[in-house]
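Now for the letters of each chain:
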Amino acid sequence: MEIAYQYRLRPTKSQETQMETWLNLLRMQYNYRLAERFKWWDENRCPINACPLVCSIAPPTEQPEYYGQKRDLVQTKAKFPEYTDIYSGVLQDCIGRVEKTFDRFLKADSSGRRSGRPRFKQRSRYRSFTYPQIKASCVKGKHITLPKIGDVKVILHRPIPDGFVIKTCTVVHKADGWYVTLSLHGTCFKSAEPPNAVPQDDTVPTVSPDVNQENAVGIDVGLKDFLVTSDNEVVPIPQFARSSEKRRKLLNKALSRKPKKGTKRRQKAGKRLSKHYQKVARQRKDFHYKVANWLVRKYDIIAHEDLNIKGLARTRLSKSILDAGWGEFLTIVIRKAASAGGITVAVNPNGTTQQCSSCGHKVPKDLSVRWHSCLCGVSLSRDHNAAINVLNSAEGHPVLKAHRLLRVSRNG
Ligand SMILES: [Zn+2]
């Protein structure tokens, strides 16, 4: 299993300047390598014998790719000796980032999505660097040893869990300071097994065998509320979502009133705004975790709408301001449920709002209709009806069937 823990760093003044210099150099390297790739594409988009006249005819050059660009780092270091101060793994990871964004731009992923043209990064958009490999013993006491930077004070607000090994380490500069994200790789043992047992396949989360099939819930996002369960429990949209919007506007206005770029006053206003964004993001995350924990503790099986189904996700997104957070919330629920031994089921969102949850008839209604009443006598709120539909369509879902078979074979 792989998890990530984030800790706050307390670098000294000189460490801070060093890390800032690194970020800036890495950013320039990133932009340079990106430009190298763009240039090659501009010049070699079509074979030379089929070249339109408007395109420049350049001698064919080698296409920039990951390993070539990595090898070329030697030249960079020779020309700009300041790059030798950067740990080589960190510098190579920068090339890896270019490769990744460029690949996502050229090739679609499995669901047919491509990301847009990679952008050159401003100072404010390049905020982190990664050690792709780091010693497992880098955290000692109150310090973390970062190669070429040294021992940096770290606030270990929670210990690194037993049985987990540090694999990579990313240093991030956020609005309120420096943080380190450690990706931890662990092998999990079941407590009943002897300590010298063979570790289980650690990439597949294990479903605990005592999942109660009856203890299931369907959840649906509403316009009015954050979430409605099939037991008609309503989680309202938190208050901070609205009040923060007001303050955001205020701070934005204050920033735009300071037109001179690069002045102290403008920098301060910008910092206030980014701190505000950070605060709201943290509030939202906290809220998501609390709701997710509540659900996972209460239910064994959680059915939700599948957001990955193309097109539907897009119409969903336009529905409410908080919907963007809905995907984030779902990933938290899925992860939390997996680590607690529960099951999450993604169901097709088609028709969940229109169908009657009791007789299955279609009761067409547009967005403004908040109540579902059917000829069969059922009358409940629109979102509650949808949540029950989500739960109903989870029954007989392949995930649950597989689980049932697994249980039968284990018991027998
Ligand atoms: Zn009905």
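Presented here is an overview of the structure given in this document. (Residues numbered from 1 in each chain as written. Predicted model: local features only at pLDDT ≥ 70, side-chain atom pairs only at ≥ 80, totals over all residues.)

## Section: the overall build of the chain
Alright, step 1. Of the regular secondary structure elements, the chain holds 10 helices and 14 strands.
Alright, step 2. Here the chain holds 412 residues, and 21% of them are scored as buried.
Alright, step 3. The contacts in the chain between residues at least 6 apart in sequence include a share of 66% that link residues at least 24 apart. (Helix = DSSP H or I, 4+ residues; strand = E, 2+ residues; numbered from the N terminus. Buried ≥ 20, exposed ≤ 12 C-beta atoms within 10 Å, placed from the backbone. Contact = placed C-beta atoms within 7 Å.)

## Some words on the sheet that holds strand β11 (residues 301-305)
Alright, step 1. Read from one edge of the open sheet, 5 strands run β10-β9-β8-β11-β12, paired in mixed fashion. Looking at the sheet topology across the chains shown, the edges are occupied by β10 (234-236) and β12 (343-347). Averaged over neighbouring strand pairs, the angle between their axes works out to 20° when direction is ignored.
Alright, step 2. Direction of pairing for strand β9 (residues 225-229) relative to β10: antiparallel, over a ladder of 3 bridges. Opposite Val 228, over in β10, you have Val 234 as the bridge partner.
Alright, step 3. Each of β8 (216-220), β9, β11 and β12 touches helix α9 (residues 382-394); the most contacted strand, β8, lies at about 130° to it. (Pairing = 2+ DSSP bridges. Axes fitted to C-alpha atoms, helices over the stretch in contact; angles between N-to-C directions.)

## Structural notes on the sheet that holds strand β5 (residues 150-155)
Alright, step 1. An order of β2-β6-β7-β1-β5-β4-β3 is seen for the 7 strands of this open sheet, with the pairing classed as antiparallel. Unpaired on one side and paired on the other, β2 (128-131) and β3 (139-140) mark the two borders of the sheet.
Alright, step 2. Looking at chain direction, strand β1 (residues 2-10) and β5 are connected through 3 bridges and run antiparallel. By the bridge assignment for β5, Leu 9 is matched with Val 154.
Alright, step 3. On the sheet, helix α1 (residues 13-43) packs against β2, β5, β6 (164-174) and β7 (177-186) and is oriented at approximately 95° with respect to β2.

## Here we look at α9
In an α-helix, one turn spans 3.6 residues, which is why side chains three or four residues apart end up on the same side.
Alright, step 1. Across its 13 residues, α9 extends 19 Å between first and last C-alpha, which sits within 8% of the 18 Å expected from 1.5 Å per residue.
Alright, step 2. Those residues of α9 that sit buried are Arg 382, Asp 383, His 384, Asn 385, Ala 386, Ala 387, Ile 388, Asn 389, Val 390, Leu 391, Ser 393 and Ala 394.
Alright, step 3. Directly after α9, the chain includes Gly 396, whose backbone phi takes a positive value near 80°. (Expected span 1.5 Å × (residues − 1).)

## A look at the pairing of β7
Alright, step 1. For β1 and β7, the ladder comprises 7 bridges, and the chain directions are antiparallel. Opposite Ala 4, over in β7, you have Ser 183 as the bridge partner.
Alright, step 2. A loop of 2 residues connects β6 with β7, the two strands running antiparallel in sequence.

## Comments concerning the packing of helix α5 (residues 240-256) against helix α6 (residues 264-298)
Alright, step 1. For the pair α5 and α6, interaxial distance at closest approach is 9 Å and the crossing angle is 165°. As far as their axial angle goes, α6 and α5 are roughly antiparallel. Between α5 and α6 lies a crossing whose hand is left-handed. Together, Phe 240, Ser 244, Arg 247, Arg 248, Leu 251, Asn 252, Ala 254 and Leu 255 of α5 and Ala 269, Gly 270, Arg 272, Leu 273, His 276, Val 280 and Gln 283 of α6 make up the contact between the two elements.
Alright, step 2. Of the residues assigned to the contact of α5 with α6, the class counts are 7 nonpolar, 5 polar and 3 charged. (Parallel < 35°, antiparallel > 145°, perpendicular 65-115°, else oblique. Left-handed = near helix turned anticlockwise from the far one by under 90°. Nonpolar A, V, L, I, M, F, W, Y, C, P; charged D, E, K, R; others polar.)

## So, the packing of α1 against helix α4 (residues 88-106)
Alright, step 1. Contact geometry of α1 with α4 gives a least axis separation of 9 Å together with a crossing angle of 40°. With respect to α4, the element α1 is oriented oblique. Regarding α1 and α4, the two cross each other, and that crossing is right-handed. Two secondary-structure elements touch here, α1 through Leu 26, Gln 29, Tyr 30, Arg 33, Leu 34 and Arg 37 and α4 through Leu 91, Cys 94, Ile 95, Arg 97, Val 98 and Phe 102.
Alright, step 2. Of the residues assigned to the contact of α1 with α4, the class counts are 8 nonpolar, 1 polar and 3 charged.

## Let's talk about the environment of Val 228
Alright, step 1. Mapped onto the fold, Val 228 is located in strand β9.
Alright, step 2. Considered as a pair, Val 228 and Arg 382 are 154 residues apart in the sequence and their alpha carbons are 9.8 Å apart.

## Notes on α1
Alright, step 1. Its 31 residues place the ends of α1 45 Å apart at the C-alpha level, agreeing with the 45 Å of an ideal helix rising 1.5 Å per residue.
Alright, step 2. Of all the residues in α1, the buried ones are Trp 22, Leu 26, Gln 29, Tyr 30, Arg 33 and Arg 37.
Alright, step 3. Taken together, the buried residues of α1 touch α2 (66-71), α3 (73-79), α4 and β2.

## A word on the nonpolar core
Alright, step 1. Core analysis: the largest hydrophobic core is formed by 28 residues, its most contacted members being Ile 302, Ala 303, Val 333, Val 390 and Leu 391.
Alright, step 2. Secondary structure elements with two or more residues in this core: β8, β9, α6, β11, α8 (323-340), β12 and α9.
Alright, step 3. Here the element with the most residues in this core is α9; it accounts for 6 residues.
Alright, step 4. Among all residues touching Ala 303, those that are not within four sequence positions of it are Ala 216, Val 217, Gly 218, Val 345, Val 347, Val 390, Leu 391 and Ala 394.
Alright, step 5. If you look at the next biggest cluster of nonpolar residues, it comprises 27 residues, including Leu 9, Trp 22, Val 98 and Ile 144. (Core = buried A, V, L, I, M, F, W, Y, C linked by C-beta atoms within 7 Å.)

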